[in-house]
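Architecture at a glance
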Amino acid sequence: MLGSTASAFAETAPKVVNIGYQKANIFALLKYRGTLDADFKKQGIEVRWVEFTAGPQMLEGLNVGSIDLAATGDAPPVIAQAAQADLVYLAHSPASPKTEAIVVPENSSVKTVADLKGKRVALNKGSDVNYLLVAALEKAGLTYKDITPVYLTPSDARAAFQRGAIDAWAIWDPFLSEVETNAKAREVTNAEGLVPHYTFFLASRKFADTYPQTAVKLVDELKTTSDWANAHPDETADIQSKSTGLDKAIWAKALARMPFGAQRMTPEVFQEQQVLADKFKKVGLLPVAVNVSSATWSLDKK
């Protein structure tokens, strides 16, 4: 547990908590199961779920105040910090580098990351896989300027991949599992050995500072839901299939490499995020330097 919840609502609780979610992440599972809604309802708190297509768009919502809490991957919070978003890191999932990859069509001539030179690579700008692509190119002796990034949402990129309009696609699960299963996409590399790939649980600083016990309670619920999901992969695959419309078999494949969890932030994880921020600044994906640790938050300080 991230903090004692015995006095979780000794503070004046909010009337409404606005939570950003994507259909494919842990918040979608929490929403579907209804445990957080039921628990918060006892305290007179209404939960409003606001759907987003991807992390960068979600953190734009956090920045403008349309949501209070969010879950995204590695890159979006750093990019949001560069845009002056006053967010804080509440917790993170276990690393899951096998859940994102750079893929090509089955018969592509691209065999290695070095072969991507001069190629059109689709990705969702500012998403986790943006970091994977930067790190993979660097390891292969290339730079971001050696490829042509094509910034597309997952659905648009999937269509472009199908019709051959792009040479490669940097994508994450469950979309990764779907294109591997239905289009026989071939992995050039996943993130293993390149970037850790976490899910981060975030809040606006105003919300976390005003309602610290409520923020902690949310993360405790995430921990409980994560433990349940890890112990019940078949039921989790069924729920996520209904949430996303993707086949249960695709979700089963994705979940086999997707550990759930909610852990305290550590200096080591903040340092890993700082490495990301520095790389993005170096390649021109960030307009300013970012001090990631400025988004540190702890209930102990409240």
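Predicted model only: the values in this text are computed from it and were never measured. (Residues numbered from 1 in each chain as written. Predicted model: local features only at pLDDT ≥ 70, side-chain atom pairs only at ≥ 80, totals over all residues. Heavy atoms only, no water.)

**A look at the overall build of the chain**
Within the chain, the secondary structure is distributed over 12 helices and 10 strands. The C-alpha radius of gyration computed for the chain amounts to 19 Å, which stays within 12% of the reference 19 Å derived for 302 residues, consistent with globular compactness. Expressed along its principal axes, the backbone C-alpha trace of the chain runs to roughly 60 × 40 × 30 Å. Looking at the chain as a whole, 57% of its 302 residues are labelled buried. When contacts within the chain are restricted to residue pairs at least 6 apart in sequence, those whose partners lie at least 24 apart make up 79%. (Helix = DSSP H or I, 4+ residues; strand = E, 2+ residues; numbered from the N terminus. Rg over C-alpha atoms; globule rule 2.2 N^0.38 Å. Buried < 20%, exposed > 50% of the residue type's maximum accessible area, 1.4 Å probe, protein only. Contact = heavy atoms within 4.5 Å.)

**Thoughts on the layout of surface pockets**
Taken as a whole, the largest pocket holds about 350 Å³ of empty space. Contributing to the lining of the largest pocket are 16 residues, with Lys 23, Thr 53, Pro 154, Ser 155 and Phe 175 lying nearest its centre. Where the lining of the largest pocket is concerned, the elements lending two or more residues are α6 (154-163) and α7 (175-182). Broken down by class, the residue content of the lining of the largest pocket amounts to 7 nonpolar, 5 polar and 4 charged. (1 Å grid on protein atoms, 1.4 Å probe; cavity = no way out; pocket = protein on both sides within 12 Å on 5 of 7 lines; lining within 4 Å. Points joined across faces, edges and corners; volume = space filled by probe spheres on them. Nonpolar A, V, L, I, M, F, W, Y, C, P; charged D, E, K, R; others polar.)

**Observations regarding helix α9 (residues 212-231)**
End to end, α9 covers 29 Å across 20 residues, agreeing with the expected 28 Å (1.5 Å per residue, within 8%). The element α9 is largely enclosed, with a buried count of 15 among its 20 residues. (Expected span 1.5 Å × (residues − 1).)

**Examining the packing of helix α10 (residues 233-244) against helix α11 (residues 248-255)**
Helix-helix packing is described using two parameters, namely the angle between the two axes and the distance between the axes. Taken N-terminus to C-terminus, the directions of α10 and α11 make an angle of 125°; their axes are 8 Å apart at the nearest point. Accordingly, the angle class assigned to the pair α10 and α11 is oblique. Crossing of α10 over α11 shows right-handed handedness. Side by side, α10 and α11 meet where Pro 233, Asp 234, Thr 236, Ala 237, Asp 238, Gln 240, Ser 241 and Thr 244 of the first sit next to Lys 248, Trp 251, Ala 252 and Leu 255 of the second. Residues belonging to the contact of α10 with α11 are distributed by class as follows: 5 nonpolar, 4 polar and 3 charged. (Axes fitted to C-alpha atoms, helices over the stretch in contact; angles between N-to-C directions. Parallel < 35°, antiparallel > 145°, perpendicular 65-115°, else oblique. Left-handed = near helix turned anticlockwise from the far one by under 90°.)

**Side note on empty space enclosed by the protein**
The final tally for this structure, using the stated rule, is 1 cavity of 30 Å³ or more. The residue makeup of the lining of the largest cavity, split by class, is 13 nonpolar, 13 polar and 2 charged.

**So, the packing of aromatic side chains**
All told, the structure shown has 10 aromatic pairs when counted by the stated rule. Their ring planes at 50° and their centres at 6.1 Å tell us that Phe 27 and Phe 201 sit as a pair that is tilted. Here Phe 27, found in helix α1 (residues 26-33), pairs with Phe 201, found in strand β10 (residues 200-204); they are 174 residues apart in sequence, far enough to count as distant. A residue is classified by how much of its surface remains accessible, and Phe 27, at 0% relative accessible area, is buried. (Phe/Tyr/Trp six-rings, centres within 6.5 Å; stacked < 30°, edge-to-face > 60°.)

**A short note on the UniProt feature "domain: Solute-binding protein family 3/N-terminal" (unreviewed entry) in the chain**
Cross-referencing UniProt, the feature "domain: Solute-binding protein family 3/N-terminal" (unreviewed entry) maps to residues 16-232 in the present numbering. Summarising residues 16-232: 41% helix, 23% strand, and an end-to-end C-alpha distance of 30 Å. (UniProt positions renumbered as here; feature names shortened; annotations may be inferred.)

**Topic: the pairing of β10**
Most of β10 is tucked away, with 5 of its 5 residues classed as buried. Of the two faces of β10, the one lined by Phe 200, Leu 202 and Ser 204 and the one lined by Phe 201 and Ala 203 are each fully buried. Note that strand β3 (residues 69-72) and β10 share 4 bridges and pair antiparallel. From the neighbouring strand, Ala 71 faces β10, where its bridge partner is Phe 201. Both strand β4 (residues 87-92) and β10 contribute to a ladder of 5 bridges, which runs antiparallel. Note that in β10 the partner of Val 88 across the bridge is Ala 203. (Pairing = 2+ DSSP bridges.)

**A look at helix α2 (residues 35-42)**
The α-helix advances 3.6 residues per turn, and as a result positions three or four apart in sequence lie on the same side. Those residues of α2 that sit buried are Leu 36, Asp 39 and Phe 40. One side of α2 holds all its buried residues, which, seen down the axis, span an arc of 95°. Residues of α2 that are exposed and angled more than 90 degrees away from the buried face: Lys 41 and Lys 42. Lining the buried residues of α2 we find β1 (16-21), α1, β2 (46-51) and α9. Downstream of α2 by a residue or two, Gly 44 has a phi angle that is positive, lying close to 80°. (Arc of directions from axis to C-beta.)

**Structural notes on the environment of Leu 116**
Looking at the secondary structure, you find Leu 116 in the loop between β5 (100-104) and β6 (120-123). With 36 residues separating them in the primary sequence, Leu 116 and Ala 80 have C-alpha atoms 28 Å apart.

**Details of the pattern of salt bridges**
Evaluation of the coordinates by the stated rule reveals 13 salt bridges. One salt bridge connects Asp 86 with Arg 205, and the closest N-O pair in it is separated by 2.8 Å. Here Asp 86 is found in the loop between α4 (75-82) and β4, whereas its partner Arg 205 is found in helix α8 (residues 205-210), with 119 residues between them in sequence. A relative accessible area of 48% means that Asp 86 is categorised as partly exposed. (Salt bridge = Lys/Arg side-chain N within 4 Å of Asp/Glu carboxyl O.)

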